[in-house]
Amino acid sequence: MKNIKRSHLLAALALLVIVALVAFFAMRPKAGEGQPQDAAEKKHAAAQRPALTVTVAKPEDTELVIDLPANGNIAAWQEASVGSEASGLRLAEVRVNVGDAVKKGQLLATFSGEAVQADLAQAKAALVEAQATAHDAAGNAARARTLQATGALSQQQINQYQTAEQTAKAKVEAAKAMLDAQQVRIQNTRVLAPDDGVISSRTATVGSVLGAGTELFRLIRQGRLEWRAEVTATELGRIAVGTPAVVTGASGAQVRGTVRSVAPTVDSQTRNALVYVDLPGAMGGKSSLKAGMFASGDFELGRNQAKTVPQASIVPRDGFNHVLVLQPDQRVQALKVETGRRVGDRVEIKTPLPQDARVVVQGAGFLNDGDLVRVVNAPAANNGNAVK
């Protein structure tokens, strides 16, 4: 009896298990149903989602300067050598140093003048003596001429008195010349600046005894500098006297100048010619330009109209510059372009762009060719808070 009941229970349990399995497989979705459709919908939704929110701008016509770049050295316009005109005198005082700005006629140095003062006093005494001798000779000659008609003196004696008079006058002139020479020596004990300018070198040393012609100072006349730019022979014809130029020093400071002259010859080795550009006010200002410094610059040959885009829209990739052009379907197309001159935050585009093209500005560096974008208006510039 017990075995029969146990058989019935096992049969009932087996039936329940079978019913549960049938129900599970009946309710389970078939393979291939539902999942591919959901994945396709998700993929399509992701494809329609913008990759980035960007701003766009149209290329603009901008007036740009036609530049001709060149390199060269900064040099003094003219240098004056200030030397000693006194010989054998001791240098007593030096009043200026390298870098000092001086005026024409300013006292730069002085020599000891005791010996010259003594020579001057001697020359004055010699002049007085010569004048006295000449006065006596003139009186004798005058008396001899009064006696010429009486025959009291022979003609030979009269000629001797007249010759003595002329000799005495000549000695007076010689004494005056000697006095003038000593006065010049006195003046030469004071070394004066021959022109306005800046002291560029000094060799004067207090206490040294110098010979005539020894250089004491070197002076940059009028404090004027010039840029000696090297220009190739093929570009030389584009530059004329009066052409404006912008010179950039090693510190980045820029100075405007004007072409003063063009060299009449071309170097046979380098095939370059020198163009001399005046740089008014370059010394003593904030330009930091010094004679002997290397500098680059640009000659401004004229102006023309060119297409420009904002600097932020240029995307450098793989060694080339690109811009991302917005298409009608709100996707972007990457175009390789050739850039040119720059003015402010705008860059010249030499490659022709499609008519009415709009290029991505903000966010251009994060996009790839074919990306979908959402375009918003660029924020307006706050002119009231703009940095001047």
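That block above? That's the structure.
The structure contained in this document is the topic of the report that follows. Quick caveat: nothing in here was measured; it's all calculated off a predicted structure.

Focus on the overall build of the chain
Part 1: A tally of regular secondary structure across the chain gives five helices and 23 strands.
Part 2: Every one of the 388 residues in the chain was classed for burial, and the buried ones make up 30%.
Part 3: Within the chain, residue pairs in contact and separated by at least 24 positions form 76% of the contacts whose partners lie at least 6 positions apart.
Part 4: Entry remark: accessible area of the chain is about 24500 Å², with carbon and sulfur atoms responsible for 53%.

Description of the side chain of T308
Part 1: Looking at where T308 falls in the secondary structure, it is placed in strand β16 (residues 294–310).
Part 2: At a separation of 2.7 Å, a polar atom in the side chain of T308 contacts the side chain of T62.
Part 3: With residues near it in sequence (within four places) discarded, T308 still touches P59, E60, T62, L64, R346, V347 and E348.

Brief notes about the packing of aromatic side chains
Part 1: Considering all chains together, one arrives at one aromatic pair under this definition.
Part 2: Seen in terms of ring centroids, W227 and F299 are 5.5 Å apart; in terms of plane orientation they differ by 25 degrees. Their pairing is stacked. Here W227, found in strand β12 (residues 225–232), pairs with F299, found in strand β16; they are 72 residues apart in sequence, far enough to count as distant. In this pair, the class of W227 matches that of F299, namely buried.
Part 3: Its guanidinium or amino end placed over the ring of W77, R224 lies 3.8 Å from that ring's centre, counting from NZ or CZ.
Part 4: The ring of F320 carries K336 above its face, with NZ or CZ at 4.3 Å from the centroid.

Comments concerning the pattern of salt bridges
Part 1: Per the counting criterion, the structure on display carries 15 salt bridges.
Part 2: Of the charged contacts in the structure, one is a salt bridge between E165 and K169, with a shortest N-O distance of 3.9 Å. Here K169 and E165 lie together in helix α4 (residues 155–188), a separation of four residues that amounts to about one turn.
Part 3: On the accessibility criterion, E165 (9% relative accessible area) is buried.
Part 4: Taking the shortest distance from any N to any O, the salt bridge between E300 and R256 comes out at 3.0 Å. Here E300, found in strand β16, pairs with R256, found in strand β14 (residues 254–262); they are 44 residues apart in sequence, far enough to count as distant.
Part 5: E300 gets classed as buried once you look at its relative accessible area, which sits at 18%.
Part 6: One salt-bridge network, in which partners are shared between bridges, spans R224, E226, R228, R260 and D278.

Re the nonpolar core
Part 1: Within the largest apolar cluster, 31 residues are counted, with the highest numbers of intra-cluster contacts made by V102, L108, F111, V191, L216 and F217.
Part 2: Broken down by element, this core gets its largest block of residues, seven residues, from helix α3 (residues 114–146).
Part 3: What L216 contacts, discounting residues up to four positions off in sequence, is V82, G83, S84, F111, V191, S201, R202, T203, A204 and L210.
Part 4: Listed in part, the 21 residues of the second largest apolar core include A229, V247, L279 and F299.

Quick notes on unusual backbone geometry
Part 1: In this structure, Q222 takes a positive phi of about 60 degrees despite not being glycine.
Part 2: Structurally, Q222 can be placed in the loop between β11 (215–221) and β12.
Part 3: Positive phi is not limited to glycine here, since D318 has a value of about 55 degrees.
Part 4: Checked against the element boundaries, D318 lands in the loop between β17 (315–317) and β18 (320–326).

The rules behind each value
- Residues numbered from 1 in each chain as written.
- Predicted model: local features only at pLDDT ≥ 70, side-chain atom pairs only at ≥ 80, totals over all residues.
- Heavy atoms only, no water.
- Helix = DSSP H or I, 4+ residues; strand = E, 2+ residues; numbered from the N terminus.
- Buried < 20%, exposed > 50% of the residue type's maximum accessible area, 1.4 Å probe, protein only.
- Contact = heavy atoms within 4.5 Å.
- Areas by Shrake-Rupley, 256 points an atom, 1.4 Å probe, with all protein chains shown as cover.
- Polar contact = N/O pair within 3.5 Å; in protein donor to acceptor, adjacent residues only side chain to side chain.
- Phe/Tyr/Trp six-rings, centres within 6.5 Å; stacked < 30°, edge-to-face > 60°.
- Lys NZ or Arg CZ within 6 Å of the ring centre and 35° of its normal.
- Salt bridge = Lys/Arg side-chain N within 4 Å of Asp/Glu carboxyl O.
- Core = buried A, V, L, I, M, F, W, Y, C linked by side-chain atoms within 4.5 Å.

In short, geometric facts, not functional conclusions.
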